[in-house]
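# Chain and residue survey
What follows is each chain in one-letter form.
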Amino acid sequence: MAACDFNDCYSKATLVSRLSPNGYLVSSGKKAYSFREAYKRFNYCKDCHDNLMKEAWNRVRSSGSKNDDHIAPTAV
């Protein structure tokens, strides 16, 4: 499998995810008929993916401002 896509990590990737290294979904730019076609895929090692998921869930659960420019990960 490929190397981890997370910033400055050179470990062997073991997981494929739709979350970008910034913790958001990134459009594939294709005319998509499914979630799988709509978003790019990224490769991560287990540690980087676990940290990325923690950050994403902390952002979703935080009581801070929800007025940023990013759409919800489930908005398709």
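What comes next concerns the included structure. (Residues numbered from 1 in each chain as written. Predicted model: local features only at pLDDT ≥ 70, side-chain atom pairs only at ≥ 80, totals over all residues. Heavy atoms only, no water.)

By the definition in use, this model includes 3 aromatic pairs. Considering the side-chain rings of F6 and Y44, the 6.5 Å spacing of their centres and the 65 degrees angle between planes classify their relative orientation as edge-to-face. Here F6, found in the segment before β1 (15–17), pairs with Y44, found in strand β2 (residues 42–44); they are 38 residues apart in sequence, far enough to count as distant. Its relative accessible area of 0% is what places Y44 among the buried residues. (Phe/Tyr/Trp six-rings, centres within 6.5 Å; stacked < 30°, edge-to-face > 60°. Helix = DSSP H or I, 4+ residues; strand = E, 2+ residues; numbered from the N terminus. Buried < 20%, exposed > 50% of the residue type's maximum accessible area, 1.4 Å probe, protein only.)

Residue position: H49 is located in helix α2 (residues 46–61). Discounting chain neighbours no more than four positions away, the residues touching H49 are L15, S17 and Y44. (Contact = heavy atoms within 4.5 Å.)

Take unusual backbone geometry next. Among all residues except glycine, the phi angle is most often negative; among peptide bonds, the trans geometry is most common. A positive phi angle is found at D8, which is not glycine, with a value near 55 degrees. Inspection of the secondary structure assignment puts D8 in the segment before β1.

This paragraph deals with the nonpolar core. Listed in full, the 10 residues of the largest apolar core are C4, F6, C9, L19, F42, Y44, C45, C48, L52 and A56. Those elements that place two or more of their residues in this core are β2 and α2. The element contributing the most residues to this core is α2, with 3 residues. Apart from residues lying up to four places away in sequence, Y44 is in contact with C4, D5, F6, A13, T14, L15, S17, L19, S20, P21, H49 and L52. (Core = buried A, V, L, I, M, F, W, Y, C linked by side-chain atoms within 4.5 Å.)

A few words on the environment of S28. The topology assignment puts S28 in the loop between β1 and α1 (35–38). What makes S28 partly exposed here is its relative accessible area of 23%. Between the C-alpha atoms of S28 and K40, which are 12 residues apart in sequence, the distance is 5.0 Å. Setting aside anything within four residues of it in sequence, one finds S28 in contact with E37, A38, Y39 and K40. A distance of 2.7 Å separates a polar atom in the side chain of S28 from the backbone oxygen of E37. (Polar contact = N/O pair within 3.5 Å; in protein donor to acceptor, adjacent residues only side chain to side chain.)

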